[in-house]
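Coordinates in review
Spelled out from the first residue to the last, the chains are:
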Amino acid sequence: MSYHSIEELVKLCKDNKCELWQIVMQDNANEHMVSEKQVFDNMKEMYIAMKKADNDYDKNLKSPSGMAGGDGELMHLYNMSNNNICGEFIGKVMEKALKMGESNACMKRIVAAPTAGSCGVIPAVFISYEELYNAFEDDIVKALFVAAGIGAVIASNASIAGASGGCQAEIGSASAMAAAGLTYLQGGDVNKIVNASALALKSMLGLTCDPVCGLVEVPCIKRNVSGAVNAITAAQMSLAGIKSVITPDEVIESMRRIGDVMPSCLKETSKEGLAVTKTAENIKNILDKME
């Protein structure tokens, strides 16, 4: 990888007088010794897979635990009632984030973006944007490269795994990636793009990974909604000219440090937080009896 920080990524864009997505695509092509067209086509295949997962959502499916399934349809029906005060775009994003997370829990095909547990954030934002704002599919693919570049730096300098850094590393990273991509789609320059990622990630710092019964269902799926909406607000603040006081690289470094000092009981072990509530224990007892 030719860049190892957000600062280096921005410098490459400015020195080469090209957009962020181009730097990420070119770097990927060089690393894997394939053509840029092949890299672009591969990314497009992933986006098509995201859209297929969204289209193939089954409202009748329930996860084996019974904790997940059907909420995406409930959100859809609520959106159709015109009672969602969040508006059409955010309402659709909320719906798609739930659907993707539930599809993951029900063992349907999804794209880890960047992880399975955070698979709903980026697709929800990008697919909704394409549908409501008539964006070209190729532009969404470019936004995915933008998101991938941010994600690569986070993975290199911190973590994208809940077991290592807590949920801040999964939903937080996905939110930062989505914020960057959405800012690009709305015409933001490279400075606004990386600033949006910092604003999004800052709001997710310290988020624990405390899955009930050790399953990527509760609270994971609904956190995808929060991460997606957080990405949207971060992008809008950046596009308005609002800047993160803390630089993107410092935010990422802070996430790494927070993850390092976070107790292991709050990192995917299900030994604290929501996972040890009375309700969670009752669910665990029921599932144990079913085995």
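Scroll up for the structure.
For the structure given in this document, a descriptive report is provided here. (Residues numbered from 1 in each chain as written. Predicted model: local features only at pLDDT ≥ 70, side-chain atom pairs only at ≥ 80, totals over all residues. Heavy atoms only, no water.)

Looking only at helices and strands, the protein chain features 13 helices and 0 strands. For the protein chain, the sequential pattern of α-helices and β-strands runs α-α-α-α-α-α-α-α-α-α-α-α-α. Against the globule reference of 19 Å for 291 residues, the protein chain gives a C-alpha radius of gyration of 19 Å, in line with a compact fold. Viewed in the frame of its principal axes, the protein chain has a C-alpha envelope of about 60 × 45 × 40 Å. Each of the 291 residues in the protein chain was classed as buried or not, and the buried ones make up 53%. Across the protein chain, the fraction of contacts at a sequence separation of at least 24, relative to all contacts at a separation of at least 6, is 75%. (Helix = DSSP H or I, 4+ residues; strand = E, 2+ residues; numbered from the N terminus. Rg over C-alpha atoms; globule rule 2.2 N^0.38 Å. Buried < 20%, exposed > 50% of the residue type's maximum accessible area, 1.4 Å probe, protein only. Contact = heavy atoms within 4.5 Å.)

Our next topic: the pattern of salt bridges. In total, this model carries 16 salt bridges according to the counting rule given. Of the charged contacts in the structure, one is a salt bridge between K51 and E137, with a shortest N-O distance of 2.7 Å. Of this pair, K51 sits in helix α3 (residues 36–55) while E137 sits in helix α7 (residues 137–157), placing them 86 residues apart in sequence. Taking relative accessible area as the criterion, K51 reaches 19% and is therefore assigned buried. The network of salt bridges with shared partners includes D54, K92, K96 and E131. (Salt bridge = Lys/Arg side-chain N within 4 Å of Asp/Glu carboxyl O.)

Per the counting criterion, the structure on display carries 0 disulfides. Cysteine C119 remains unbridged, with the sulfur of C220 as its closest cysteine sulfur at 10 Å. When its relative accessible area of 0% is taken as the criterion, C119 is described as buried. (Disulfide = S-S within 2.5 Å.)

Along helix α4 (residues 71–80), the residues classified as buried are G72, E73, M75 and N79. Seen from one end, α4 has its buried residues packed into an arc of 160 degrees, which puts them on one side. The inward-facing, buried residues of α4 contact α5 (88–105). Of the residues one or two after α4, N82 is the one with positive phi, at around 65 degrees. (Arc of directions from axis to C-beta.)

Before going further, it helps to examine empty space enclosed by the protein. Here the structure, examined in full by the defined rule, presents 3 cavities of 30 Å³ or more. Estimated volume of the largest cavity: approximately 40 Å³. Lining the largest cavity are Y57, D58, L61, G69, G70, E102, S103, C106 and K108. Here the lining of the largest cavity is composed, by residue class, of 3 nonpolar, 3 polar and 3 charged. (1 Å grid on protein atoms, 1.4 Å probe; cavity = no way out; pocket = protein on both sides within 12 Å on 5 of 7 lines; lining within 4 Å. Points joined across faces, edges and corners; volume = space filled by probe spheres on them. Nonpolar A, V, L, I, M, F, W, Y, C, P; charged D, E, K, R; others polar.)

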